[in-house]
Amino acid sequence: QVQLVESGGGLVQPGDSLRLSCAASGLTFSSYTMAWFRQVSGKEREWLGNRWSGGPTFVADSVKGRFAISGDNAKNTVNLEMSSLKSEDTAVYYCAAGPNLVGTESSAYSFWGQGTQVTVSS
């Protein structure tokens, strides 16, 4: 069974940095695009970035310069590196996997993790 498990969330202060990690199992990691989304209750899931299996990464304009995607095919992991965190970054962050080269729409992704809460508060 395919499983995606996010980790690294927590309570941080504005301006802090945080790294989220997603560990994938049950799929051929090198054949998938891995993505990060976030969601605030009552709002749509927001695409943050993704990583193609070949290595290229992309991030949303809304977080460009603060967030970055990294991955390690050998470890079946994809990370979301976050810096200069703001209160508006507070959300549940989700890892997703989809057929290689899929883009920004949540409906394009086949598998999802359980989410990890990130709270930015002073």
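Since this is a predicted model, take the numbers as computed values, not measurements.

A.B. asks: Looking at this structure, I do not really get the nonpolar core. What am I missing?
C.D. replies: A general trend in soluble globular proteins is that nonpolar side chains are found buried together. With 33 residues, the main nonpolar core has M34, W36, L80, M82 and Y93 as its most contacted residues. Elements represented by at least two residues in this core include exactly β3 (18-25), β4 (32-39), β5 (46-51), β7 (67-72), β8 (77-82), β9 (91-99) and β11 (116-120). Ignoring sequence-local partners within four residues, the contact set of M82 consists of D16, S17, L18, L20, R66, F67, Y93 and V118.

A.B. asks: Please explain the environment of G8 as it appears in this structure.
C.D. replies: Along the polypeptide, G8 turns up in the loop between β1 (3-7) and β2 (10-12). Classification of G8 as partly exposed rests on a relative accessible area of 35%. Residues G8 and L20 lie 12 residues apart in sequence; the distance between their C-alpha atoms is 4.6 Å. Sequence-distant contacts of G8, defined by excluding residues within four places in its chain, comprise L18, R19, L20 and T116.

A.B. asks: What am I meant to see in the sheet that holds β3 here?
C.D. replies: In a beta sheet, neighbouring strands are held together by backbone hydrogen bonds and run either parallel or antiparallel to one another. The strand order across the open sheet built from four strands is β1-β3-β8-β7, with neighbouring strands paired in antiparallel fashion. Edge positions in the sheet fall to β1 and β7, since each of these pairs with one other strand and no more. Ignoring strand direction, the axes of neighbouring strands in this sheet form an average angle of 15°. Summarising the sheet, β1 and β3 pair through five bridges and their orientation is antiparallel. Looking at β3, one finds that Q3 is bridged to S25.

A.B. asks: Is there a simple way to think about the pairing of β3 in this case?
C.D. replies: The side chains of a regular strand alternate, first on one face of the sheet and then on the other. Here β3 shows a clear split, with L18, L20, C22 and A24 buried on one side and none of R19, S21, A23 and S25 buried on the other. Two strands pair when backbone bridges link them, and β3 and β8 are joined in this way by six bridges, in the antiparallel orientation. Note that in β8 the partner of R19 across the bridge is E81.

Conventions adopted
- Residues numbered from 1 in each chain as written.
- Predicted model: local features only at pLDDT ≥ 70, side-chain atom pairs only at ≥ 80, totals over all residues.
- Heavy atoms only, no water.
- Core = buried A, V, L, I, M, F, W, Y, C linked by side-chain atoms within 4.5 Å.
- Buried < 20%, exposed > 50% of the residue type's maximum accessible area, 1.4 Å probe, protein only.
- Helix = DSSP H or I, 4+ residues; strand = E, 2+ residues; numbered from the N terminus.
- Contact = heavy atoms within 4.5 Å.
- Pairing = 2+ DSSP bridges.
- Axes fitted to C-alpha atoms, helices over the stretch in contact; angles between N-to-C directions.

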